[in-house]
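Structural description and commentary
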Amino acid sequence: MRFRAAPAPSGELHVGNVRTFLFNWLCARHVGGVFILRIEDTDRARFTEEAYLSALEDLRWIGLDWDEGPEIGGTFGPYRQSERAEMHRNAGMRLLEMGAAYRCFCTAVELDERRKQAMSEGRKPGYDSRCDQLTESQIAANMQNDLQWTVRFRVPKQGSLTFDDLVVGSVTVDHSQIDDFVILRSDGSPLYQLGVVVDDAEMQITHVVRGDDHLSNVPKQILLHQALGAEPPIFAHVPQVFGPDRKPLSKRHGSTSIGEFRNGGYLPEALFNYLVLLGWGTAADTILTRADLVRLFDIEHVHASPAMFDFKKLDWMNGEYIRMLDDEEISRGIEPWLARAKLVGVPATEEQREMISKIAPLIRSRIKKLDESVHYARPFFEEVAIEQVAFEKVMREPHVLELLDRATEALGSAEIWDASHIEEALRAIQTAMDLKPKTAFMPFYVAVEGSTVGAPVFDAMAILGKQTTLDRIAIARSLLV
RNA sequence: GCCCCCGUCGUCUAGCGGCCUAGGACACUGCCCUCUCAAGGCGGAGAUCGUGGGUUCGAAACCCAUCGGGGGUACCA
């Protein structure tokens, strides 16, 4: 079985589209079939080379590998549609010669006027097939006069067409609902409908899994396949992804492109997992690895109804995946974010890396997205700038001065500098002063980490070292008097 | 307008005629744990399965209608 993903890279790859690519990939891997990547770059006005390159990068980032396609080739290439225009045109002309299509001399303006006219009179706005009535001599005359013409596919006027969609089920469309549609523009270039069909046929695609905005194209495409003497593929149309307002997910809802999620501190395996669960699920688990998904995924159980994108659930899931990372992976993962915040160099020095690996286990369970690591890591790389609100709320308490003084003395004379000894020393003070743990320790968070939220403070002190810790306490104390 | 598709807790889903007084997850919330924040553990609230008719001994599941939503109706993809 052969599946394909066909992105049209005009900007950044949209998560909704990527989800359908994921479905294709999963189908192919599930049955041990072939996954093909084909770039639909026919729309020269919108396509950019930059978008194309970043699309490939995004696909690889989220873990999609293709068996045939750009950069790796394959027996059915080329895999960029723009390089196949000749093939499409030939197919279109063949259809014309066979009599399955005909020349249309109506101009775009005429068509437009008639459409508006029909609409205002409440009639069906479609093409009326008038050029199909042209006689041989009329056509010859038009050609003689150098009139521009397009090629239109002739759709049967009677009967209907039924097909079985793997997701949607049985769909029936009356032929009368489909107009004779253009397959070749007046400049000879192919239109989308022709292009996909020729490519799917040539590449021997057996299953077309795509967004349901293409559902109404199916009858046209089946007709084209048949006219071309090819077996139509099996279709599966998955619904779109919606935003919280039940409208198709778009920019105004927040991040929508793969690049934005990557730059937002998300892990590819988490996004992968989440996207597949949008419109599909199992009774048992929600956290499913790539291998689990390959084993379990079943396109026929994908919902035919649209799913809303839930950013909060994605965040939770990302946190789950972060917690599954080992220290080494966490360290590698957060380094770019620390670099971006200018806490470490690019690349980080050995010394910085050592520090990162020390704080990584402290950070792991506290963040949902990698970029949040910056807050927890900052005090380990920079002088502390105490948050104003934290200072006002915590350091103004009457016991703080004495607390800091006692701590300075106890920690100053500490023989062994590790988290448990630090804790022991500070707990002794807490008990002596008869304070609740929280009240006793909070000032140290503020003094040492600059915030009421941070890595566990005894560990932080241990990592920062005795001198730095005492210095920071001294600075905080100086702010009190 | 016409055509096609869709409709289970706020959200993602399980469900494929009796196991459903509808299960799980996110979010929300109570308690526990606790040096902050998290994480974790144990509970709670939340869906008469869009609505109205049928079919059936029995329906969330099948049929019809209705309402609501989405898509298409291009010399866009």
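Going by the structure above, here's the rest.
Here's what I pulled together on the structure shown here. If you're wondering where the values come from, they're calculated on a predicted model, not measured in any experiment.

**Structural notes on the pairing of strand β1 (residues 2–5)**
Side chains R2 and R4 of β1 all project onto a buried face; the interleaved residues F3 and A5 project onto the opposite face, where all are buried too. In the sheet, β1 pairs with strand β2 (residues 34–37) via 4 bridges, with the strands oriented parallel. Looking across to β2, one finds that A5 is bridged to L37. After leaving β1, the chain enters helix α1 (residues 15–31) and then returns to the sheet as β2, a path that is right-handed.

**Some words on the packing of helix α18 (residues 437–449) against helix α19 (residues 457–464)**
How two helices pack is summed up by the angle between their axes together with the distance between the axes. At their nearest, the axes of α18 and α19 sit 10 Å apart, and the two run at 40 degrees to each other. Seen from above, α18 lies across α19 with left-handed handedness. Taking contact as the criterion, the partners of F441, F444, Y445, V448 and E449 in α18 are, on α19, V457, F458, A460, M461 and L464. Of the residues assigned to the contact of α18 with α19, the class counts are 9 nonpolar, no polar and 1 charged.

**Concerning the sheet that holds strand β7 (residues 182–184)**
With antiparallel pairing, 3 strands are arranged side by side in an open sheet as β3-β4-β7. The outermost strands of the open sheet, each flanked by one partner alone, are β3 (101–104) and β7. Across this sheet, the average inter-strand angle for adjacent strands is 45 degrees, counted without regard to direction. Note: β3 against strand β4 (residues 150–153), 4 bridges, orientation antiparallel. Of the residues in β4, the one forming a bridge with A101 is F153.

**Here's the deal with the pattern of salt bridges**
Per the stated rule, a full pass over the model turns up 31 salt bridges. Between R262 and E57 there is a salt bridge, with the nearest N and O atoms lying 3.5 Å from each other. One end of the pair, R262, is in helix α8 (residues 258–262); the other, E57, is in helix α2 (residues 49–61), and 205 residues separate them in sequence. As a salt-bridge pair, R84 and D199 come within 2.6 Å of each other at their nearest N and O atoms. Placement of the pair is R84 in the loop between α2 and α3 (85–98) and D199 in helix α6 (residues 192–202), with a sequence separation of 115 residues. Among the charged side chains, a network of salt bridges with common partners joins R4, R38, E40, R84, D199 and D200.

**Here we look at helix α17 (residues 419–433)**
For α17, spanning 15 residues, the distance from its first C-alpha to its last is 21 Å, which sits close to the expected 21 Å at 1.5 Å a residue. Within α17, the full set of buried residues consists of I422, L426, I429, Q430 and M433. The buried residues of α17 all sit within an arc of 100 degrees when viewed along its axis, so they share a single face. Facing away from the buried side of α17 by over 90 degrees, the exposed positions are E424, T431 and A432. Buried residues in α17 make contact with α16 (400–412), α18 and α19. Directly after α17, the chain includes D434, whose backbone phi takes a positive value near 55 degrees.

**Focus on the packing of α18 against helix α20 (residues 466–478)**
Taken N-terminus to C-terminus, the directions of α18 and α20 make an angle of 105 degrees; their axes are 8 Å apart at the nearest point. Taken together, the axis directions place α18 and α20 in an arrangement best described as roughly perpendicular. For the pair α18 and α20, contact is made by F444, A447 and V448 and by T469, R472, I473 and A476, respectively. Tallied by class, residues from the contact of α18 with α20 come to 5 nonpolar, 1 polar and 1 charged.

About the cut-offs
- Every residue gets a number counted from 1 within its own chain, in the order that chain's sequence is written.
- Whichever chain is written first becomes A and whichever ligand is written first becomes 1, with later ones labelled in order.
- The model is predicted, so local features are restricted to residues of pLDDT at least 70 and side-chain atom pairs to those at 80 or more, both for listing and for counting; the totals for chains, interfaces and linings are taken over all residues.
- Each side-chain value is derived from all of the structure's non-hydrogen atoms; neither hydrogens nor water enter the calculation.
- In this scheme, a residue with accessible area under 20% of its type's maximum is buried, one over 50% is exposed, and one in between is partly exposed, where area comes from a 1.4 Å probe on protein chains only.
- Helix and strand labels come from DSSP, where a helix needs a run of H or I of at least four residues and a strand needs a run of E of at least two; each type is numbered from the N terminus.
- Here the rule is simple: two strands pair whenever DSSP picks up at least two bridges between them.
- By convention a crossover is right-handed if, when the strands point away from the viewer, the path from the first strand over the helix to the second runs clockwise.
- Lines fitted to the C-alpha atoms define the axes, with helices restricted to the stretch that makes contact. Angles between their N-to-C directions range from 0 to 180 degrees.
- Take the far helix as the reference: if the near one is turned anticlockwise from it by less than a right angle, the crossing is left-handed, and if turned clockwise, right-handed.
- Every residue pair with non-hydrogen atoms within 4.5 Å of one another is taken to be in contact.
- We call Asp, Glu, Lys and Arg charged. Ala, Val, Leu, Ile, Met, Phe, Trp, Tyr, Cys and Pro are nonpolar, and the rest, Gly among them, are polar.
- Within this document, salt bridges are pairs made up of a side-chain nitrogen of Lys or Arg and a carboxyl oxygen of Asp or Glu, the two lying within 4 Å of each other.
- Here the expected length of a helix is defined as 1.5 Å per residue gap, with one fewer gap than residues.
- Of all possible arcs, the one meant is that of the directions from the helix axis to the C-beta atoms.
- The scheme is simple: roughly parallel for angles under 35 degrees, roughly antiparallel for over 145, roughly perpendicular for 65 to 115, oblique for anything else.

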